[in-house]
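Tertiary structure, described
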Amino acid sequence: MRKYWLSILIFCSLSFSALSQTLKGRVVEVSDIGDTTAVPSAALQWLHTSVGTHSDSNGYFELQRSKTDSLVVSFPTYQPDTMTVSAAQNDIVIILSHAHSLDEVSIVGRDGSFISTQPILTTVITQQGLRRAACCNLAESFESTIAVDMEYSDAITGAKQISMLGLAGIYSQILLENVPFIRILSHQFGLGFVPGTWMESISVSKGVASVTNGYEAITGQINVDYKKPETNYERVFLNLYGNSMGKGELSFNSKLKVGKKDKVSTELLLFAGDQFAKMDMNKDGFLDVPRSQQINVMNRWDSNCKNIWRSRTMIDFVWDNRVGGQKDYDWREHSYSNEIYGLHIDNKRWDFITKNGFLLKGEDESIGTIVSYTGHLTNAVFDLNDFYAIQHSVYVNVLYSNKFGSNKRHKLTAGGSFQYDYYVDVFERHFQFDPGSYFHVPTIETVPGIFGEYCYIIDPKLVVMAGMRLDYNSHFNQLFWTPRLHLKWQISENTSFRASVGKGYRSAHILAENIGLLTSSRRYDVLEMLKAEEAYNAGISFVQSFKMPGGKSSLSVDYFYTHFVNQSIVDLDQDVHSINVYNLNGDYNGHGNISRSHSAQVELILKPFERFELTLAYRYNDVRYMTHGVMREKVLMSPHKGLINLNYSTRYDRWKFNLTFQINGPQRLPDTHLNPVEYQRPEYSKTFCIMNAQVTKKFRRWEIYAGAENMLNYKQENPIISADNPFSEHFDASIVYAPISGIMGYLGVRYMLK
């Protein structure tokens, strides 16, 4: 990365004395085409002191004076630089020249979240936003955003899933630093394998994403950035957490520079969690959350040979073990016993990721390579159901990038990729009324592909990005053609409009992606050979910013439409005792079926006074699919959702307060009218509200935080059908739409040595 130059435009006010105790200013960036934009979350710190701050979402900062006049300014895509600020300078502008990097931008901001300036509609949840709640893992990190819904898998496994635009999380691509990460076996439990204390930021993009990352993103993309030894200011980080449900967690991160020239750095990230208490708050005889243990360790090495080469390598291993079911269940004694119902799930996953970037004849031209390997082993017993699966995945991506033309208004990114997946799952049932049901599905899927993406800055205020990729899938013996188009129009300094349209594909793995359905006596009926899932997505968005006394506020409105050409339907309505699986447009039903999703959202962020932020949001989803000539609303999906989020901090963030209030509308439940009356459920769930709160006290190197979740103590009534007889044909623990346990309090401590 080229050494940047810093220049300071100084605004002196003769009316202030040289003894001013506060330095104010703004950090801005000058782009290739001469456009000036704010730089949010730039770090500013007085040299050899602990006094520092970050620029806000509009680039402004306010910093308490120190004894030294040497100010260090740094930002992830720039090398830190030191400048002298005299006592007479009270209001300054720091200008950063544009830098080129093969890496994605990682941001640690004071604001909890903000909308990125890139053409694709992207909301960035910063580390500050992640710490506004006790985000134990990725699944629990979207509490204060309405773009991503957190869903409950079932009432026994403790798994949590997400959805976007009203569709399951399997249609959103989840990346780790732009590398496909949560896939196939990881869809059910993988979100819990990403510790919240490891994350630096989360970027949530709606609609089809860039073609450079593959063809799988249909409804959106979630990119997680881990803490990096080069940009992370925490030399040592320790987090201790415990809650009233009997769960404890320990996280430890440490980084180290290697060598005299600091060209190589390494970081060790550790996480351990244990759910050691047995909790049954709804008194149905089943544990509300399974007893579980998780150990997660990662080591990363980052190296940088200036102006020539940059590399990042990560190796991690996670072991997750959970035991749930009835309170007295012991998997060593009661498996297959028909006496006490329970489950035992053992997950082991290991990853290797290496990313390398090479600068060519100029910093506008570069080549990047990504190589990753994932191994995942799941061994599960759902009392009378056996499930065993293993996955080996290899991913290779080579990208060439070049900026050219007058004022570098043209950018071309092209390359090739290769995805290899070896997947085997074994499923066997021992229910007396469905003896010997057995599946054994080995799959080898190789997908070579090529892609190209062209970005044209027609005007500093108008950007068009068009991409196309071509992939051959060996499993379906099919050529995937994936066109995508994005447009951004910066109507004025505070007004922007975006539009996108494109296509996506994915391979369905029914058992791995629906493990929660194994917590029932339903049998799987795969009625035909499944085809590749294929869908189109289009969307528009409008963002208006405006000034308020507390800072820059915004109003955003967006709408997205998804239309499936083919979808793997998991039908829970046709038969209360079975799970029918078939293609949307297959030969099974002979109808011209459709599946589509309408999603609209409005979000208002207000800052009426300093250090206070109020978010008001509403989201509407209309998701329906046709089966047997009948258009049905998607089950276990709330069309209406509202969010109120309040954040306040005292001066220098010594105290921070957060309150979140969610309103969830009724959800359609699977059809159970063929059950006996006592085992039937209504057609729709009730409206319910969730309220969470947290208070954080900050010291020099310590933070103490305390909070509560589900403070209104809402619990779903009778979440398990036939809980009194779990070995009957009516047993079903998969119809869950709300919390099954009541209020939960927690307490935590963070220690940071910078």
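Because the structure is predicted, anything quoted here is derived from the model rather than measured. (Residues numbered from 1 in each chain as written. Predicted model: local features only at pLDDT ≥ 70, side-chain atom pairs only at ≥ 80, totals over all residues. Heavy atoms only, no water.)

**A closer look at the sheet that holds strand E35 (residues 568-571)**
For the record, the criterion: When DSSP finds two or more bridges between two strands, those strands count as paired. Helix numbers and strand numbers start at the N terminus; a helix is a DSSP run of H or I with at least 4 residues, a strand a run of E with at least 2. All axes are obtained by fitting lines to C-alpha atoms, using only the stretch in contact for helices, and the reported angles, taken between N-to-C directions, cover 0 to 180 degrees.
Taken in spatial order, the 3 strands make up an open sheet running E32-E36-E35, and their pairing is mixed. Two strands lie at the open edges of the sheet, namely strand E32 (523-526) and E35, each paired on one side alone. Neighbour-to-neighbour, the strand axes of the sheet open up by a mean angle of 20 degrees, direction not taken into account. Summarising the sheet, E35 and strand E36 (residues 578-583) pair through 4 bridges and their orientation is antiparallel. Its bridge partner being in E36, Ser-568 is matched across the sheet by Asn-583.

**As for the packing of aromatic side chains**
Defined as follows: The aromatic pairing rule takes the rings of Phe, Tyr and Trp, using the six-membered ring of Trp, and pairs them if the centres are within 6.5 Å, calling planes under 30 degrees apart stacked, those over 60 edge-to-face and the rest tilted.
Counting across every chain of the model gives 20 aromatic pairs. Residues Tyr-215 and Tyr-505 carry aromatic rings whose centres are separated by 6.3 Å and whose planes lie at 85 degrees to one another, so their mutual orientation is edge-to-face. In this pair, Tyr-215 is assigned in the loop between strand E17 (199-206) and strand E18 (220-226) and Tyr-505 in strand E31 (residues 495-506), connecting sequence segments 290 residues apart. Taken together, the ring pairs in this structure connect Phe-609, Phe-612, Tyr-648, Trp-655 and Phe-657 into an aromatic cluster.

**Description of the environment of Ser-520**
Definition in use: The definition of a polar contact used here is a pair of N or O atoms within 3.5 Å, where within protein one atom must be able to donate a hydrogen and the other to accept one, and adjacent residues in sequence count solely through side-chain atom pairs.
Positionally, Ser-520 belongs in the loop between helix H4 (510-513) and E32. Between the C-alpha atom of Ser-520 and that of Ser-734, which follows or precedes it by 214 residues, the distance is 6.6 Å. From its side chain, Ser-520 meets the backbone nitrogen of Arg-522 in a polar contact 3.3 Å long.

**A short note on the sheet that holds strand E13 (residues 160-164)**
An order of E12-E13-E14 is seen for the 3 strands of this open sheet, with the pairing classed as antiparallel. The open sheet has two edge strands, strand E12 (148-152) and strand E14 (167-168), and neither has a second partner. Across 5 bridges, the pairing between E12 and E13 is antiparallel. Looking across to E13, one finds that Tyr-152 is bridged to Lys-160.

**Focus: the nonpolar core**
The condition that has to hold: Here, nonpolar core means buried Ala, Val, Leu, Ile, Met, Phe, Trp, Tyr and Cys residues that are tied together by side-chain atoms lying within 4.5 Å of each other. For every residue, the accessible area obtained with a 1.4 Å probe (protein chains only) is divided by the maximum for its type, and the residue is called buried under 20%, exposed over 50%, and partly exposed between those limits.
The biggest cluster of nonpolar side chains holds 38 residues, and the ones touching the most others in it are Ile-156, Phe-382, Phe-387, Tyr-524 and Ile-720. Secondary-structure elements contributing two or more residues to this core are strand E24 (342-359), strand E25 (365-382), strand E26 (385-404), strand E27 (410-429), H4 and E36. Broken down by element, this core gets its largest block of residues, 3 residues, from H4. With 35 residues, the next largest nonpolar core counts Val-204, Phe-271, Ile-370 and Leu-399 among its residues.

**Focus: a nonpolar patch on the surface**
How we decide: Distance thresholds for patches are 9 Å for like charges and 5 Å for nonpolar side chains (Val, Leu, Ile, Met, Phe, Trp, Tyr), applied to residues having over 30% relative accessible area and no salt bridge. Using a 1.4 Å probe, accessible areas were evaluated by the Shrake-Rupley method; residue-level cover was limited to the displayed protein chains. Take a side-chain nitrogen of Lys or Arg and a carboxyl oxygen of Asp or Glu: if they are within 4 Å of each other, that pair is a salt bridge.
A cluster of nonpolar side chains, Trp-489, Ile-491, Phe-542, Val-557, Val-602, Tyr-618 and Tyr-620, forms an exposed patch at the surface whose accessible area comes to about 550 Å². Secondary-structure elements contributing two or more residues to the nonpolar patch are strand E30 (478-492) and strand E38 (612-627). Exposure remark for Val-557: the relative accessible area of 36% places this residue in the partly exposed category.

**Examining the confidence of the model for the protein**
The line we're drawing: Confidence of the predictor at the level of single residues is captured by pLDDT, which takes values from 0 to 100. Contacts are residue-level and defined by heavy atoms, with any inter-residue pair within 4.5 Å sufficient.
In this model, the protein carries a mean pLDDT of 86, and residues with pLDDT of at least 70 account for 88%. For the stretch residues 31-36, pLDDT sits under 50, and the model shows 16 contacts to residues farther than four places along the chain or on other chains. Segment residues 97-109: pLDDT under 50, and 51 contacts once partners within four positions in sequence are set aside and those in other chains are kept.

**Overview of the pairing of E36**
Most of E36 is tucked away, with 6 of its 6 residues classed as buried. Alternating residues of E36 divide into Ser-578, Asn-580 and Tyr-582 and Ile-579, Val-581 and Asn-583, and every residue in both groups is buried. Two strands pair when backbone bridges link them, and E32 and E36 are joined in this way by 4 bridges, in the parallel orientation. Looking at the pairing, Arg-523 lines up with Ser-578 of E36.

**With respect to the pattern of salt bridges**
Pairing between side chains of opposite charge can happen when the charged atoms of each approach one another. Per the stated rule, a full pass over the model turns up 34 salt bridges. In this structure, the salt-bridge partner of Glu-140 is Lys-160, at a minimum N-O distance of 3.2 Å. Of this pair, Glu-140 sits in the loop between helix H1 (127-130) and E12 while Lys-160 sits in strand E13; the two residues are 20 residues apart in sequence, bridging distant segments of the chain. Overall, the relative accessible area of 26% leaves Lys-160 in the partly exposed class. With a shortest N-O distance of 2.7 Å, Lys-503 and Glu-534 are connected by a salt bridge. Of this pair, Lys-503 sits in strand E31 while Glu-534 is found in strand E33 (residues 533-548), placing the two residues 31 residues apart along the sequence. Across the pair, exposure class does not vary: Lys-503 and Glu-534 are buried alike.

**Quick word on the pairing of E33**
In this structure, E31 lies alongside E33, joined through 12 bridges in antiparallel fashion. Paired with Arg-498 across the bridge in E33 is Ser-541. With 15 bridges connecting them, E33 and strand E34 (residues 551-566) associate as antiparallel partners. Note that in E34 the partner of Ala-535 across the bridge is Phe-564. Counting the residues in the hairpin turn of E33 and E34 gives 2 residues.

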